[in-house]
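Okay, here's what each chain looks like letter by letter:
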Amino acid sequence: MKTDVADLKGDCLEFKLPQRIRAFLSQKLSLRGTRIMQSALGLQSGNELSEAVEQAADSGVITDAEETRVLETDLILRARRKRDRSTVWVAVEASHTVDGYDVDRARESAQILRHMFDADSVAVAMGYGVRAGDRSRAEEAGVELFVIERRRQSPASSP
């Protein structure tokens, strides 16, 4: 039951993130023109990212396993850096409580995007909390780690 509830909370976060993530990451990572390329709210076949991933796999630029990793990434954004306007890809893994698995997946997805597009990439893991020891693991792996504050309802709006 505890695992099921944690999974449900993580899934809920993945669906909430696209609504708030662009402004948040744009500020934290000094980005402009941030565009969501893939999210839990929709990666339709035939979009720009899915076509590029498919073509990269078909041409051998990435493996089938790497294609799957990118397509399973919780959220992928494309933006420009403020300082030099260069393109940057952002691979985000979101969980209720971030652990080493999330850190590793974000890092791997960012590396694949960097290779595919020959552009800079940033790995991000985010959630409402972080498991002990995984903050330093993220730092060592070069993964940006963000703990999100929960939005609380005001007493007047509570049922």
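Residues numbered from 1 in each chain as written. Predicted model: local features only at pLDDT ≥ 70, side-chain atom pairs only at ≥ 80, totals over all residues. Heavy atoms only, no water.

## Examining the pattern of salt bridges
Tallied over the entire structure, the rule returns nine salt bridges. R78 serves as the salt-bridge partner of E48, at 2.7 Å between the closest nitrogen and oxygen. Remark: R78 occurs in strand β2 (residues 75-81) and E48 occurs in helix α2 (residues 48-58); sequence separation between them is 30 residues. Residue class for E48 comes out partly exposed when judged on its relative accessible area of 40%. Residue D99 pairs with R131 through a salt bridge whose shortest N-O separation is 3.9 Å. Of this pair, D99 sits in the loop between β4 (97-98) and α4 (100-117) while R131 sits in the loop between β6 (129-130) and α5 (134-141), placing them 32 residues apart in sequence. Members of the salt-bridge network, linked through shared partners, are R69, E93, D102 and R105. (Salt bridge = Lys/Arg side-chain N within 4 Å of Asp/Glu carboxyl O. Helix = DSSP H or I, 4+ residues; strand = E, 2+ residues; numbered from the N terminus. Buried < 20%, exposed > 50% of the residue type's maximum accessible area, 1.4 Å probe, protein only.)

## Notes on the packing of aromatic side chains
When we look at a pair of aromatic rings, we describe it by the centre distance and by the angle of the planes. What the rule picks out here adds up to two aromatic pairs. Seen in terms of ring centroids, F24 and F146 are 5.4 Å apart; in terms of plane orientation they differ by 85 degrees. Their pairing is edge-to-face. Residue F24 is located in helix α1 (residues 2-29), and its partner F146 is located in strand β7 (residues 143-147); the two are separated by 122 residues in the primary sequence. Using a relative accessible area of 26% as the deciding quantity, one classes F24 as partly exposed. Here W89 and F117 contribute two aromatic rings whose centre-to-centre distance is 4.2 Å and whose plane-to-plane angle is 10 degrees, an arrangement assigned as stacked. With W89 in strand β3 (residues 87-94) and F117 in helix α4, this pair connects stretches of sequence that are 28 residues apart. (Phe/Tyr/Trp six-rings, centres within 6.5 Å; stacked < 30°, edge-to-face > 60°.)

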